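# Survey of secondary and tertiary structure
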Amino acid sequence: MLSIGRREMKKVPALRGRMIVNLFFEASTRTRFSFETAQKWLSADSLNFAAKGSSVEKGESLLDTARNLQAMSPDLIVIRHGTAGVPHFLARNLKAGVVNAGDGAHEHPTQALLDALTVRRHFGRLSELTVAITGDILHSRVVRSNIWLLTKMGAKVRVCGPPTLLPPRIAEMGVEATTDFDAALEDADVVMMLRMQLERQGSSFFPSTREYFKRYGLTAARLARARSHAVVLHPGPMNRGVEISSEVADSPRSLILEQVSNGVAVRMAVLYLLLTGHPWEGDA
Ligand code: CP
């Protein structure tokens, strides 16, 4: 799938005649556009739904919305929603396949897949790497999906954040948990910074963004505590000067834009596998 993106003519007929609905109830730049790009490159037909401007604004329920879209016979529905469990709910109630593009603070599976692909392409493996994930662990769907995937693939995962943003039982997911950022960075091969999700925080979880950056912001000096070959990931969108400094985000050690490119290939693979039932074997 990556090689298709490198061609001058970025299109294969693999999913011609298939229809995919992109159902986005929450804002998105990377996920939405990479799913759309993946669909275009595989020649699927896309229908793009944004809650704003739809009959959701007139009070139509989620299930009625989805059933009406189902009546147009899509093969697959890609959904992002602010409530955990919505993709599972739709999968139980619709004929079309459902892909989770992020549900509340629950999961973001394709983000974890693209993160894993990015790390594996860089190091050639995931096993025995130490991945330090730091930030708003409490509200992050990215961290939950990454923990499932990275631990399954044999990586050691450390999560770090202020006590108010670190779920007390997170270690039960098979990770180390710490509030000490410097300790989390020690010997890390991969440093994954998470966005401070101010829109999901009903109350103040830390005194100020300035204070947060001082204790948990990734600067070049802080990054020096990780292994000398350590790389930096961030799912985006970044809050520069809150969880990450521009000098790190834009440095050669940052794989942040590579994550975005890999996201298209990963989503192509997900769509292709789900719609055809078998892995891509090339179109040569
Ligand atoms: N990483 C991610 O989910 O970004 P978007 O919210 O822009 O899709």
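A quick note: this is a predicted structure, and the numbers were derived from the prediction, not measured. (Residues numbered from 1 in each chain as written. Predicted model: local features only at pLDDT ≥ 70, side-chain atom pairs only at ≥ 80, totals over all residues. Heavy atoms only, no water.)

## Describing the pattern of salt bridges
Where we set the bar: For this analysis, a salt bridge means a side-chain nitrogen from Lys or Arg found within 4 Å of a carboxyl oxygen belonging to Asp or Glu. The way it works is that DSSP assigns letters per residue, a run of H or I at least four long becomes a helix, a run of E at least two long becomes a strand, and they are numbered from the N terminus. Burial classification: accessible surface area is computed with a 1.4 Å probe over protein chains only, and a residue below 20% of its type maximum counts as buried, one above 50% as exposed, and the rest as partly exposed.
Per the stated rule, a full pass over the model turns up 9 salt bridges. Where Lys156 meets Glu176, a salt bridge forms, and the shortest distance between an N and an O atom there is 3.8 Å. Of the two residues, Lys156 sits in strand β6 (residues 156-160) while Glu176 sits in strand β7 (residues 176-178), which places them 20 residues apart along the sequence. For Glu176, a relative accessible area of 39% gives the class partly exposed. With a shortest N-O distance of 2.9 Å, Asp250 and Arg240 are connected by a salt bridge.

## With respect to the domain arrangement of the protein
How big an interface is tends to be expressed through the accessible area that disappears when the partners come together. Note the cut-off: A domain assignment, automatic or from a database, supplies the domain bounds used here. Only heavy atoms enter the contact rule, under which two residues are in contact if any of them lie within 4.5 Å. Two parts placed together each lose some accessible area under a 1.4 Å probe, and the buried area is that loss summed for both. Distance and chemistry together define a polar contact, namely a pair of N or O atoms within 3.5 Å, with one atom able to donate a hydrogen and the other to accept it when in protein, and with adjacent residues in sequence counting only for side-chain atoms on both sides.
Each assigned domain of the protein is listed with its residue range as follows: domain 1 (2-104 + 260-276) and domain 2 (109-253). Each of domain 1 and domain 2 was reduced to a C-alpha centroid, and the two centroids are 27 Å apart. Residue-level contacts link 18 residues of domain 1 with 13 residues of domain 2. For the pairing of domain 1 and domain 2, the buried interface totals around 1200 Å² over both sides, and the portion due to carbon and sulfur atoms is 53%. In terms of surface lost to domain 2, no three residues of domain 1 exceed Arg30, Asn262 and Val266, which account for 37% of the buried area on that side. Where domain 1 packs against domain 2, one counts 1 salt bridge. Put simply, Arg141 and Glu26 hold a salt bridge, and the shortest N to O gap is 3.1 Å. Counting every contact that joins domain 1 to domain 2 gives 4 residue pairs in polar contact (both at pLDDT 80 or more). For the side of domain 1 that touches domain 2, the secondary-structure elements that each account for two or more residues are α1 (2-6), α2 (30-41), β3 (76-81), β4 (97-103) and α11 (256-276).

## A word on the packing of α2 against α11
The cut-off we apply is this: Fitted lines through C-alpha atoms give the axes, limited to the stretch in contact for helices. The angle between two N-to-C directions lies from 0 to 180 degrees. For classification purposes, angles smaller than 35 degrees are called roughly parallel, those larger than 145 roughly antiparallel, those between 65 and 115 roughly perpendicular, and all remaining angles oblique. If you view the pair so one helix is near and one far, a crossing is left-handed when the near helix is turned anticlockwise from the far one by less than a right angle, and right-handed when it is turned clockwise.
Close contact between α2 and α11 brings their axes to 8 Å; oriented N to C, the two are set at 55 degrees. Judged by the angle between their axes, α2 and α11 are oblique. Every pair of crossing elements has a handedness; the one defined by α2 and α11 is right-handed. Of the residues in α11, those in contact with Arg30, Thr31, Ser34, Phe35, Thr37, Ala38, Gln39 and Trp41 of α2 are Val260, Gly263, Val264, Arg267, Met268 and Leu271.

## Focus: α2
Every α-helical turn comprises 3.6 residues, leaving residues that sit three or four positions apart pointing alike. Basically, it comes down to this: Helix span is expected to be 1.5 Å times the residue number reduced by one.
With 12 residues, α2 extends 16 Å between its outermost C-alpha atoms, agreeing within 8% with the 16 Å of an ideal straight helix rising 1.5 Å per residue. The positive-phi residue at the C-terminal boundary of α2 is Ser43, with phi of around 65 degrees.

## Points about the nonpolar core
Keep this limit in mind: The definition of a nonpolar core used throughout is a set of buried Ala, Val, Leu, Ile, Met, Phe, Trp, Tyr and Cys residues joined through side-chain atoms within 4.5 Å.
Counting residues in each nonpolar core, the largest one holds 26 residues, and the members touching the most others are Ile133, Ile137 and Val159. If you list the elements that add at least two residues to this core, you get α5 (109-123), β5 (130-134), α6 (141-152), β6, β8 (190-193) and β9 (231-233). With 5 residues, α6 is the single largest residue contributor to this core.

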